[in-house]
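What follows is each chain in one-letter form.
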Amino acid sequence: MTSTIPGTSVPDPDLELPRRKSGWSLQQILLAAALILPNMILLILFTYRPLVDNFRISFFQWNLSSTRPPLFVGFRNYADWFSDPGTPTIVMNTVIFTVAAVAGSMILGLALALLLDQKLFGRAAVRSMIFAPYVISGAAIGVAFQFVFDPQFGLIQDLLRRIGVESPNFYQDPKWALFMVTVTYIWKNLGYVFVIYLAALQGRRKDLDEAAEIDDTSPVRRLFRVVLPQLRQTTFFLSVTVLLSSFQVFDLIQVMTRGGPLGNGTMTMVYQVYEESFNNNRAGYGAAVASIMFLIVLVITVIQVRLQDRQD
Amino acid sequence: MIGRRGFLALAGLSAAAATVGLSACAGGTGSTAGDGQKGNGTLQFWSNHPGSSKALEEQLIAEWTKQHPDVPVQLVDGGSSYEDLATKFNAALAGGDLPDVIVASDVTWFNFALNQATAPLDDLWKEAGVDANSYVDTLREDYAFGGKHYGMPYSRSTTLMYWNSDVLAQAGLEKRGPQTWQEFADWAPKLVQAMGGKPALVIPDGSNYLDWYFQGMIWTFGGKYSNEWTPTFNDPKSIEAGKFLQDQYKAGHIGIEKDANNTFGIGGAAGLLQSTGSLTGLTKAAKFPFITTYLPGPKPGATTGGAGLAVPNGISHERKINAVKFIDFLTNMQNTITFSQGTGYVPVRKGAENEAAMKTYLEQNPNAFTAIKQMADGNTAPQDYARVFVPGGGKRIGGGLDKITLGGEDVATVFASMQQETQQSYDRDIKPLL
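Just so we're clear, the structure is a prediction, and the values are computed from it rather than from any experiment.

1. So, the overall build of chain B
Next, step 1: When helices and strands are tallied, chain B shows 19 helices and 14 strands.
Next, step 2: For a compact globule of 434 residues, the expected C-alpha radius of gyration is about 22 Å, and chain B comes in at 23 Å, within 12% of that figure.
Next, step 3: The C-alpha extent of chain B, read off along each of the three principal axes, is 70 × 65 × 45 Å.
Next, step 4: Burial statistics for chain B: of 434 residues in total, 56% are counted as buried.
Next, step 5: Long-range pairs, those at least 24 residues apart, make up 76% of the contacts in chain B between residues at least 6 apart in sequence.

Structure representation (structure tokens):
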């Protein structure tokens, strides 16, 4: 039985125009599900489930070695972290490292990409050399760079000694230790930024370059007015991904300084998660630090996305 | 539809979640012993190969396999340090396959015992026919808790002093170590002069167990890290020891280095405060003659340390029995002598020094005898609870000692902070479980 709204007429099905197909066929839906579901399941199992689990654990006092059930402590782990006298140093280390790593690798990566976008002799070999460290394990690089920074036998002390300057002790002065880890990290990850920028440079509109050249625009003006605006999307992409990866640096710190010197000289938040969870047997506290980190990264990412939206 | 920025936001979320996953990666909360894991028939021995002993361990395992072909053993790399191995074991406890035997250090064994992650061994010894009394008493008793034992001595060490003999002679000093820290302070200017301004003694920094090396020094001043569970950093004598260390560092008499072995080995310091476990490596590396000596007194002025072997609680009874038999074999008289000669660690069975093989070795290598004699003479003592039993104790104290030496911070303030943090950790993490 069909009901009609007063004042309207029932259309004659025979007279109805052929409707445009807007829905997906069952076959398409099944194909999409077959393609998406495996990844989705893996993502849920190995990324989002631990995320939820982490938040849950952060409300417990839990020793990983213990066979006893974890003790519910509410927000105590969070309160402890905020009131810990070491927290400002750890947050500051994380901020300094992240800002320096993001800015350093992006500026240097862009500079190298601009340079090697030119037709230079041997540029293919140089490109490979710049990218190579990115695929080497951080732990291996950490070990190798100890021979660079060692204040007694390292490469840097040798170079400085030749010009009559005493090498700083990179392992015992917290500022220099953080500098050492940051420089090593930038060196390792430069190849990633470089390759992405290089690809973007090679895909840019060359006619704009030619037009600028015909107008006799200076190289600096051309860089800022013609080249860089075309790299905005790439810069945004890199700023997000490099920030996320540098926030999570662990291997270099573990190999080079173990969070020291002076207790927490190079301790970052992600290293603190490891230290508290596995060495101090405070998995709940470690989970709380990880949750705080997650929220910080989330907020920064959202701000970046919003800023990009506004620019667009 | 999801756009590029949406995708990036999602990627950010996933990456951030992956970070968070670090602390949740061990799975659910709590691990259960249950009836015990049965295993796959191969005994899993997790080791970090203390004292670069991997080849030695493989050799001893090959010997075991000859004698016990029905119980094959697999040597599994557990990381490069005791802490790495503890992390790996923690992950296994939270949901993985448990090993049969693990190396548990002076710092890590207690947490496992307190939380019932490793098995009490006394009943297993009886069942497996192990003569526990044949182990050196002090080394065996280091693993006692609540009237039971949770480990068997393996790569056991003490702190030792290493002195460059040529420099001692050049400084006009006797060929021996200082008998007190005050005597060291008197010697130091002469040694520094003989070294052309380089330190008289080098000690590893706080990230490399300075907290272990300093423990003997603090005892000789009448101080302690703790009196059982009561922290005693605030004790005036503890603070006096801290000030002594700081003064000697400031005066250039003591150097604090990341790789103190290397510094000493290339002639960067007249003396070295290190473990017995470094003896074999230094004997091969150093290009000059050196002697090993006791740590300064009054007794006790040195700590025991190193690691033992423990058995997970969550494996089946049959596996536990095999594990205990394997440990007994690995540390029997012949093998502990082989291990000691190959690494520098002390033999863990009573009377090893009287065995022909060891006697000959000690005659040829008098430096190796020092640690054994130091223990027999009562210059060693078990460590303070604040370092080895309170979670994060070693790192906390090491960081504090770095602050007063490398950082030049006020000793009383730093020690007060360690006092408070140790007490907090005890109240929160230990007291409820005792």
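2. Here we look at the overall build of chain A
Next, step 1: Scanning chain A from N- to C-terminus turns up 13 helices and two strands.
Next, step 2: For chain A, the C-alpha radius of gyration of 27 Å lies well beyond 20 Å, the compact-globule estimate for 312 residues.
Next, step 3: Projected onto its principal axes, the C-alpha coordinates of chain A cover approximately 95 × 75 × 30 Å.
Next, step 4: Of all 312 residues assigned to chain A, the portion counted as buried reaches 37%.
Next, step 5: When contacts within chain A are restricted to residue pairs at least 6 apart in sequence, long-range pairs at least 24 apart make up 68% of them.

3. A look at the packing of helix α9 (residues 210–220) of chain B against helix α10 (residues 236–250) of chain B
All names here are of chain B.
Next, step 1: The N-to-C vectors of α9 and α10 enclose an angle of 120°; their axes lie 9 Å apart at closest approach. Overall, the two elements α9 and α10 adopt an arrangement that is oblique. Crossing hand, α9 versus α10: right-handed. Facing F214, M217 and I218 of α9, the residues of α10 in contact are S238, A241 and L245.
Next, step 2: Along the lines of polarity and charge, the residues of the contact of α9 with α10 split into five nonpolar, one polar and no charged.

4. Observations regarding unusual backbone geometry
Next, step 1: With an omega dihedral of 0°, the bond running from G260 of chain A to P261 of chain A counts as a cis peptide bond.
Next, step 2: The residue P261 of chain A is located in the loop between α11 (251–256) and α12 (269–279) in this model.
Next, step 3: The peptide bond linking G297 of chain B to P298 of chain B adopts the cis configuration, its omega dihedral lying at 5°.
Next, step 4: A positive phi is found at L262 of chain A, a non-glycine position, where the angle reads about 55°.

5. Comments concerning the confidence of the model for chain A
All names here are of chain A.
Next, step 1: Put simply, chain A has an average pLDDT of 88, and 93% of its residues get 70 or more.
Next, step 2: Taken element by element, the predicted model of chain A shows its lowest mean pLDDT in helix α8 (residues 206–214) (85) and its highest in helix α2 (residues 76–83) (96).
Next, step 3: In this model residues 1–9 is a low-confidence stretch, pLDDT under 50, and it forms two contacts with partners more than four residues away in sequence or in other chains.

6. Looking at the domain arrangement of chain B
Residues and elements named next belong to chain B.
Next, step 1: Looking at chain B, the domain boundaries give domain 1 (43–156 + 305–376) and domain 2 (158–304 + 380–433).
Next, step 2: The gap between the C-alpha centroids of domain 1 and domain 2 is 27 Å.
Next, step 3: Counting residues at the interface gives 26 residues for domain 1 and 25 residues for domain 2.
Next, step 4: Elements supplying a minimum of two residues to the side of domain 1 that touches domain 2: α4 (109–114), α6 (137–141), β6 (152–164), β13 (302–310), α14 (333–343) and α16 (366–376).
Next, step 5: For the side of domain 1 that touches domain 2, the residue count by class is 10 nonpolar, 13 polar and three charged.

7. So, the pairing of strand β10 (residues 254–257) of chain B
Taken residue by residue, a regular strand's side chains alternate between the two faces of the sheet.
All names here are of chain B.
Next, step 1: What you see with β10 is no split at all: I254 and I256 on one side and G255 and E257 on the other are buried throughout.
Next, step 2: Pairing geometry for strand β7 (residues 201–204) and β10, over four bridges, is parallel. Bridging from a neighbouring strand, V202 pairs with G255 of β10.

8. Examining helix α7 (residues 174–202) of chain A
Next, step 1: The terminal C-alpha atoms of α7 of chain A lie 41 Å apart, and with 29 residues this matches the ideal 42 Å at 1.5 Å per residue to within 8%.
Next, step 2: The sharpest bend along α7 of chain A measures roughly 45° and falls at N189 of chain A.

9. Quick word on the environment of E276 of chain A
Residue and element names in this part refer to chain A.
Next, step 1: Along the polypeptide, E276 turns up in helix α12.
Next, step 2: Of the residues examined, E276 has 24 C-beta atoms within 10 Å and is grouped as buried.
Next, step 3: Ignoring anything within four residues of it in the chain, the contact list for E276 reads R282, Y285, G286 and V289.

10. Regarding the pairing of strand β3 (residues 101–105) of chain B
Residues and elements named next belong to chain B.
Next, step 1: A large share of β3 lies buried, amounting to five of its five residues.
Next, step 2: A two-sided burial pattern is seen for β3, the buried positions comprising V101, V103 and S105 on one face and I102 and A104 on the other.
Next, step 3: Strand direction decides the pairing type here: strand β1 (residues 43–47) and β3, joined by two bridges, are parallel. By the bridge assignment, F45 is partnered in β3 with V101.

11. Considering the confidence of the model for chain B
All names here are of chain B.
Next, step 1: Looking at chain B, pLDDT values average 90 and 92% of them are 70 or higher.
Next, step 2: In this model residues 7–12 is a low-confidence stretch, pLDDT under 50, and it forms 11 contacts with partners more than four residues away in sequence or in other chains.
Next, step 3: Low pLDDT, under 50, characterises residues 25–34; the stretch is placed with 26 contacts to residues that sit more than four places away or in other chains.
Next, step 4: The ipTM assigned to the predicted complex is 0.78, against a pTM of 0.82.

12. Re the packing of helix α3 (residues 87–116) of chain A against α7 of chain A
Residues and elements named next belong to chain A.
Next, step 1: Running from amino to carboxyl end, α3 crosses α7 at an angle of 40°, the nearest separation of the two axes being 6 Å. The angle between α3 and α7 falls in the class oblique. By crossing handedness, the relation of α3 to α7 is classed as right-handed.
Next, step 2: Considered class by class, the residues forming the contact of α3 with α7 number 21 nonpolar, six polar and no charged.

Criteria and cut-off values
Residues numbered from 1 in each chain as written. Chains lettered and ligands numbered in written order. Predicted model: local features only at pLDDT ≥ 70, side-chain atom pairs only at ≥ 80, totals over all residues. Helix = DSSP H or I, 4+ residues; strand = E, 2+ residues; numbered from the N terminus. Rg over C-alpha atoms; globule rule 2.2 N^0.38 Å. Buried ≥ 20, exposed ≤ 12 C-beta atoms within 10 Å, placed from the backbone. Contact = placed C-beta atoms within 7 Å. Axes fitted to C-alpha atoms, helices over the stretch in contact; angles between N-to-C directions. Parallel < 35°, antiparallel > 145°, perpendicular 65-115°, else oblique. Left-handed = near helix turned anticlockwise from the far one by under 90°. Nonpolar A, V, L, I, M, F, W, Y, C, P; charged D, E, K, R; others polar. pLDDT = per-residue confidence, 0-100. Domains from an automatic or database assignment. Pairing = 2+ DSSP bridges. Expected span 1.5 Å × (residues − 1). Bend = angle between axes of the 7 residues up to and from the residue.

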